[in-house]
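Single-letter residue listing:
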Amino acid sequence: MGMAIIEEFYRKMRNGYVIGPFMKTCDPAFVEAAGYAGMDFVILDMEHGPASVESLQNHIRAAQVAGVLPVVRVGSCGDISRVLDIGAAGVQIPQISSAKEAEAVVREAKYFPEGERGVCRFVRAAKYSAMEKSEYFRKANHTLVIIQLEGQQALENLNEIMEVPGIDILFIGPYDLSQSLGLPGQTTHPAVVEQMQEIVERAKKKHILVGTFMDNKETLRKWSNAGVQYLSYSVDTGIFYEACVWVRKQMNQINAC
Ligand code: 3PY
Ligand code: MG
């Protein structure tokens, strides 16, 4: 992905927000459609989706065709360099709870001097060696590193986590956070919202970009008003389900007339 696209993504976040869905479907057509609808990014999900590194290559190609930024949420740190090799513009890593874990993420995601990512220039991100070596290594560290904070330990260690260099966005996972409070799924429970708010405020004081997940209009309004810049709105499968429910309702209303 070009450096200019990442720069533009940053500019948008600094000036307001970016928005995009998680993707669990295995057909790249959904990624293209999200891009044509004006989404800024898609999060291709390896933590909770059936996608493999092999199938994700085509999702990333589709994202590039439709001008939407492809971020991959990996299942574990071991996948980070593999998804960057196939051209992911960013990586999102679940369940980070300490500065040590955050540092390990940066080490995996960045080449020297920022990290120790395994080196190979015969990969898709380097145009299979068609790109000049110097150009590849100059550009390759321009990727987004997003870590998910979604447990009580992450909150306890927040100050140290916020000091780790190389982290671009702190992402709050409301579902896992609710579980860590003994309230699984209750993402609008006051105790969950209070902790989310605390992370947002502490990150903003340090001028760190922050993201979270929401799956309805009310929570979208709440967290965008709170100044969250990376708005992860729902999931392709859920959006499709809601669209089908809407169509069904339209037909029921027409029949009732
Ligand atoms: C969570 O809410 O736990 C996430 O990981 C994002 O949906
Ligand atoms: Mg989670």
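Each value, and the rule that gives it
Residues numbered from 1 in each chain as written. Chains lettered and ligands numbered in written order. Predicted model: local features only at pLDDT ≥ 70, side-chain atom pairs only at ≥ 80, totals over all residues. Heavy atoms only, no water. Helix = DSSP H or I, 4+ residues; strand = E, 2+ residues; numbered from the N terminus. Rg over C-alpha atoms; globule rule 2.2 N^0.38 Å. Buried < 20%, exposed > 50% of the residue type's maximum accessible area, 1.4 Å probe, protein only. Contact = heavy atoms within 4.5 Å. Areas by Shrake-Rupley, 256 points an atom, 1.4 Å probe, with all protein chains shown as cover. Lys, Arg positive; Asp, Glu negative; His and termini not counted. Charge placed at Lys NZ, Arg CZ, Asp CG, Glu CD. Pairing = 2+ DSSP bridges. Axes fitted to C-alpha atoms, helices over the stretch in contact; angles between N-to-C directions. Near = heavy atom within 4 Å. Polar contact = N/O pair within 3.5 Å; in protein donor to acceptor, adjacent residues only side chain to side chain. Nonpolar A, V, L, I, M, F, W, Y, C, P; charged D, E, K, R; others polar. Donors = N, O, S within 2.8 Å, 3.2 Å for Na, K, Ca; no water. Core = buried A, V, L, I, M, F, W, Y, C linked by side-chain atoms within 4.5 Å. Parallel < 35°, antiparallel > 145°, perpendicular 65-115°, else oblique. Left-handed = near helix turned anticlockwise from the far one by under 90°. Salt bridge = Lys/Arg side-chain N within 4 Å of Asp/Glu carboxyl O.

Caption draft 1: Seen up close, the overall build of the protein chain. A tally of helices and strands in the protein chain yields 12 helices and eight strands. In terms of overall size, the protein chain behaves like a compact globule, its C-alpha atoms giving a radius of gyration of 19 Å where 257 residues would be expected to give roughly 18 Å. In terms of principal-axis extent, the alpha carbons of the protein chain reach across some 65 × 40 × 35 Å. Looking at the 257 residues of the protein chain, the share that counts as buried comes to 49%. The long-range share in the protein chain, meaning contacts at least 24 apart out of those at least 6 apart in sequence, stands at 60%. Per element, the accessible surface of the protein chain, about 12600 Å² overall, is 54% carbon and sulfur. The positive charge centre, built from 26 side chains, and the negative charge centre, built from 30, are 5 Å apart in the protein chain.

Caption draft 2: Here's a closer look at the sheet that holds strand β6 (residues 169–172). The eight strands are arranged β1-β2-β3-β4-β5-β6-β7-β8 in a closed barrel whose pairing can be described as parallel. Along the sheet, successive strands turn relative to each other by an average axial angle of 25°, direction set aside. The sheet contact formed by strand β3 (residues 69–73) and strand β4 (residues 90–93) spans three bridges and is parallel. Bridge assignment links Val-72 to a residue of β4, and that residue is Val-91. Sitting on the sheet, helix α3 (residues 53–66) touches β2 (41–45) and β3, and the angle it makes with β3 is about 155°.

Caption draft 3: View of the site of ligand 1. Around ligand 1, the structure places Arg-73, Gln-148, Glu-150, Phe-171, Gly-173, Pro-174, Tyr-175, Asp-176 and Phe-213. With respect to ligand 1, the side chain of Arg-73 contributes an N or O atom lying 2.9 Å from an oxygen atom. Asp-176 is positioned with one of its backbone polar atoms (N or O) 2.8 Å from an oxygen atom of ligand 1. With three residues, the top contributor of residues to the shell around ligand 1 is helix α9 (residues 174–180). Partitioned by chemical class, the residues of the shell around ligand 1 number four nonpolar, two polar and three charged.

Caption draft 4: View of the coordination of the magnesium ion (ligand 2). The protein atoms that coordinate the magnesium ion (ligand 2) are Glu-150 (OE) and Asp-176 (OD), at distances spanning 2.1 to 2.2 Å. Of this pair, Glu-150 sits in the loop between β5 (144–149) and α7 (152–156) while Asp-176 is found in helix α9, placing the two residues 26 residues apart along the sequence. Since its relative accessible area comes to 3%, Glu-150 is described here as buried.

Caption draft 5: Region of the structure containing the nonpolar core. Core analysis: the largest hydrophobic core is formed by 56 residues, its most contacted members being Val-72, Ile-147 and Leu-170. At six residues, the largest contribution of residues to this core is made by helix α10 (residues 190–205). Residues contacting Val-72, with those up to four places away along its chain left out, are Leu-44, Met-46, Leu-56, Ile-60, Val-83, Ala-88, Gly-90, Val-91 and Gln-92. In terms of nonpolar packing, the next biggest core, distinct from the first, is built from 19 residues, Val-18, Phe-171, Phe-213 and Tyr-230 among them.

Caption draft 6: Unusual backbone geometry, seen in detail. Phe-112 connects to Pro-113 through a cis peptide bond whose omega is 10°. Turning to its location among the elements, Pro-113 is positioned in the loop between α5 (99–109) and α6 (133–139). Here Gln-95, not a glycine, exhibits a phi torsion of approximately 55°, which is positive. Here Gln-95 lies in the loop between β4 and α5.

Caption draft 7: How the structure looks around the environment of Arg-124. Inspection of the secondary structure assignment puts Arg-124 in the loop between α5 and α6. Spatially, the C-alpha atom of Arg-124 lies 26 Å from that of Asp-236, the residues being 112 residues apart in sequence. In contact with Arg-124, other than residues within four places in its own chain, are Ile-60, Arg-61, Gln-64, Asp-85, Ile-86 and Gly-87.

Caption draft 8: Expanded view of the packing of helix α2 (residues 29–36) against α3. α3 packs onto α2 with a crossing angle of 25° between their chain directions and a minimal axis gap of 8 Å. In terms of their interaxial angle, α2 and α3 are classed as roughly parallel. For the crossing formed where α2 meets α3, the hand is right-handed. Of α3, the residues touching α2 (which contributes Val-31, Glu-32, Gly-35 and Tyr-36) are His-59, Ala-62, Ala-63, Val-65 and Ala-66.

Caption draft 9: Inspection of the pattern of salt bridges at higher detail. One pass over the structure, following the stated rule, counts nine salt bridges. Between Arg-11 and Glu-8 there is a salt bridge; the shortest N-O distance is 2.9 Å. With a gap of three residues between them, Arg-11 and Glu-8 both fall in helix α1 (residues 3–15), about one helical turn apart. By relative accessible area, which is 44% here, Arg-11 ends up partly exposed. Three or more residues joined by partner-sharing salt bridges are found here, namely Lys-24, Asp-45, Glu-47 and Arg-73.

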